[in-house]
Amino acid sequence: LFADDLSPADTAALDTNHFVALVTELGGPTSHTAIIARQLNVPCIVAVGSNLNDIKAGDKVLVDGALGTITLNADPEIAVAAVAESKLLAERIAQWRGPAETKDGHRVQLLANVQDGNAARIASDTQAEGIGLFRTEMCFLSALEEPSVDEQAEVYKKVLERFPNSKVVVRSLDAGSDKPVAFATMADEMNPALGVRGLRVARANEPLLTRQLDAIAKAVKELGRDENAPTWVMAPMVATAREAKWFAGLCAERGLVAGAMIEVPAAALMADKIMPHLDFVSIGTNDLTQYTMAADRMSPQLAYLTDPWQPAVLRLIQHTCEEGKRTNTAVGVCGEAAADPLLACVLAGLGVNSLSSASTAIAGVGAQLSAIDFDTCVKAAEAAINAEGATEARQKVRDILQP
Ligand code: PEP
Ligand code: MG
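Quick caveat, the model's predicted, so the values are computed rather than measured.

Asker: So what's going on with the sheet that holds strand E3 (residues 44-45)? Residues and values would help.
Answerer: Sheet architecture is open: 3 strands sit in the order E1-E2-E3, paired in parallel fashion. Taken across any chain shown, the strands that pair with only one partner, and hence form the sheet edges, are strand E1 (2-3) and E3. Of the pairings in the sheet, the one linking E1 to strand E2 (residues 22-24) comprises 2 bridges and is parallel in character. Residue pairing for E2: Phe2 is matched across the bridge by Val23.

Asker: Hey, could you go over the coordination of the magnesium ion (ligand 2) for me, with residue numbers and the actual values?
Answerer: Six octahedral donors around a metal ideally sit at 90 or 180 degrees from one another, while four tetrahedral donors ideally sit at 109.5 degrees. The protein atoms that coordinate the magnesium ion (ligand 2) are Glu263 (OE) and Asp287 (OD), at distances spanning 2.1 Å. With Glu263 in the loop between strand E10 (257-262) and helix H9 (265-269) and Asp287 in helix H11 (residues 285-292), the pair connects residues that are 24 residues apart, well separated along the chain. Across the pair, Asp287 and Glu263 agree in class, each one buried.

Asker: Break down the sheet that holds strand E9 (residues 231-235) for me, with residues and values.
Answerer: Judged by pairing direction, the barrel is parallel, and its 8 strands sit side by side in the order E6-E7-E8-E9-E10-E11-E12-E13 before closing back on the first. Strand-to-strand, the axes of this sheet are offset by a mean angle of 25°, without reference to chain direction. In this sheet, strand E13 (residues 354-357) lies alongside strand E12 (residues 330-333) in parallel orientation, the contact comprising 2 bridges. By the bridge assignment, Val333 is partnered in E13 with Leu355.

Asker: Please set out the environment of Thr126 residue by residue, giving values where relevant.
Answerer: Along the chain, Thr126 turns up in the loop between helix H4 (117-124) and strand E7 (130-135). Separated by 233 residues in sequence, Thr126 and Ser359 place their C-alpha atoms 6.7 Å apart. When residues no more than four places from it in sequence are discounted, the contact partners of Thr126 are Ser359 and Ile362. Separated by 2.7 Å, the side chain of Thr126 and the backbone oxygen of Ala123 make a polar contact.

Asker: Could you give an account of the site of ligand 1, naming the residues involved and the relevant values?
Answerer: The full set close to ligand 1 counts 15 residues, and Arg135, Arg171, Lys179, Asn286 and Arg297 are the nearest of them. Here an oxygen atom of ligand 1 sits 2.8 Å away from a polar atom, N or O, in the side chain of Arg297. Burial of ligand 1 by the protein chains amounts to 99% of its free accessible area of 290 Å². For the shell around ligand 1, the secondary-structure elements that each account for two or more residues are E7 and H11. With 3 residues, the top contributor of residues to the shell around ligand 1 is H11. Among the residues making up the shell around ligand 1, the classes are represented as 3 nonpolar, 4 polar and 8 charged.

Asker: Account for the nonpolar core, with residues named and values stated.
Answerer: Residues Ile317 and Leu355 are the most contacted members of the largest nonpolar core, which totals 97 residues. When neighbours within four sequence positions are excluded, Leu355 is seen to be in contact with Val108, Gln109, Leu110, Leu111, Val333, Ala338, Ala344, Leu347 and Val365. One finds Ala3, Ala34, Val46 and Ala47 within the second-largest nonpolar core, a separate group that totals 12 residues.

Quick notes on the rules
Residues numbered from 1 in each chain as written. Chains lettered and ligands numbered in written order. Predicted model: local features only at pLDDT ≥ 70, side-chain atom pairs only at ≥ 80, totals over all residues. Heavy atoms only, no water. Pairing = 2+ DSSP bridges. Helix = DSSP H or I, 4+ residues; strand = E, 2+ residues; numbered from the N terminus. Donors = N, O, S within 2.8 Å, 3.2 Å for Na, K, Ca; no water. Buried < 20%, exposed > 50% of the residue type's maximum accessible area, 1.4 Å probe, protein only. Axes fitted to C-alpha atoms, helices over the stretch in contact; angles between N-to-C directions. Contact = heavy atoms within 4.5 Å. Polar contact = N/O pair within 3.5 Å; in protein donor to acceptor, adjacent residues only side chain to side chain. Near = heavy atom within 4 Å. Areas by Shrake-Rupley, 256 points an atom, 1.4 Å probe, with all protein chains shown as cover. Nonpolar A, V, L, I, M, F, W, Y, C, P; charged D, E, K, R; others polar. Core = buried A, V, L, I, M, F, W, Y, C linked by side-chain atoms within 4.5 Å.

Structure below.
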């Protein structure tokens with residue numbers, strides 16, 4: 001199916017009995033089209049630009065979703081072999097069982113990203129070892145007023161109770177920018193992506209944050225969760241060590257394990273100063289890419305920049321992992337990058353301990369990790385870091401991991 005663009009409603013209504021791949025001129029890698037296509041499990045390439053007009057109805061086209069390539073009038077033998085290989089891979093993925101490890105036994109924890117109780121229920125039916133990102137702001141997108149501590153606790157319990165014996169990482173409100181929350185977000189900002197969003201909202205309104213932390217602590221207590229079902233809390237959009245220290249202090253007062261998202265380049269560069277205040281960090285590659293490349297993650301024209309394969313982004317992740325090792329701080333990734341099986345191997349090779357993604361992507365990542373040694377992940381990471389650009393990084397890593 002080739003289209004200019006698809007609305008989320010169009011994409012959700014698609015019937016995979018009628019098409020085998022999806023290509024759009026517009027959209028972005030973190031757009032709804034891409035996210036839903038991932039759930040449908042069809043090869044999908046978005047934001048290809050305007051040359052789709054060259055392809056006519058009836059032309060034979062080979063779409064490689066992993067590599068992001070479209071080959072017009074592909075050699076039939078090559079196309080048949082590629083489709084057969086893809087079917088084989090789909091079978092391997094369907095059969096994969098966690099916990100994830102490389103062929104030589106290097107463990108990588110695979111976790112799910114969720115936004116509510118329903119998503120947590122779906123995730124609990126997958127091989128997810130827990131939840132690596134609970135986007136709490138998504139529960140309140142239509143709330144006009146701040147829910148009380150009791151009401152919030154009930155909402156959080158709906159997610160926590162689906163993973164009664166596993167780790168759950170709850171993120172404090174990431175209101176602002178593309179996720180306006182009526183009771184928290186500043187109105188009429190000139191540049192909301194660079195404005196008062198995430199933890200920054202709480203600087204002017206600390207009680208908003210402390211009430212949320214109280215609600216999380218209440219949910220944890222009422223469900224009787226303990227160290228066998230650890231509940232970690234992390235702040236979005238941390239940029240300085242002072243912010244990390246402040247957030248960690250508020251968590252400590254409530255007996256909560258504190259972490260920060262690394263999604264502002266400054267936080268990656270200052271990891272050595274930030275980490276000593278925290279128990280863990282989780283790299284948000286969606287925003288880290290947006291801010292490193294100075295490219296709006298919602299812009300279809302800039303999708304070639306908002307690509308986590310950009311070596312500049314990978315170098316910031318590399319630096320964060322090195323500091324994580326030095327300071328003995330767990331480093332996870334919870335952006336869309338963690339859903340890409342090849343990139344997941346690169347991240348593991350860089351030293352990332354856990355990967356959190358849409359739960360539908362977990363088996364694909366697990367199956368890929370299980371097919372290679374850790375040494376190969378390290379080699380793939382080196383190749384990606386030293387590539388000239390995102391396209392070259394992808395190609396080099398594919399040659400190493402899927403020769
Ligand atoms: C990220 O920025 O990578 C992330 C996980 O957070 P969100 O997509 O919710 O901004
Ligand atoms: Mg983010």
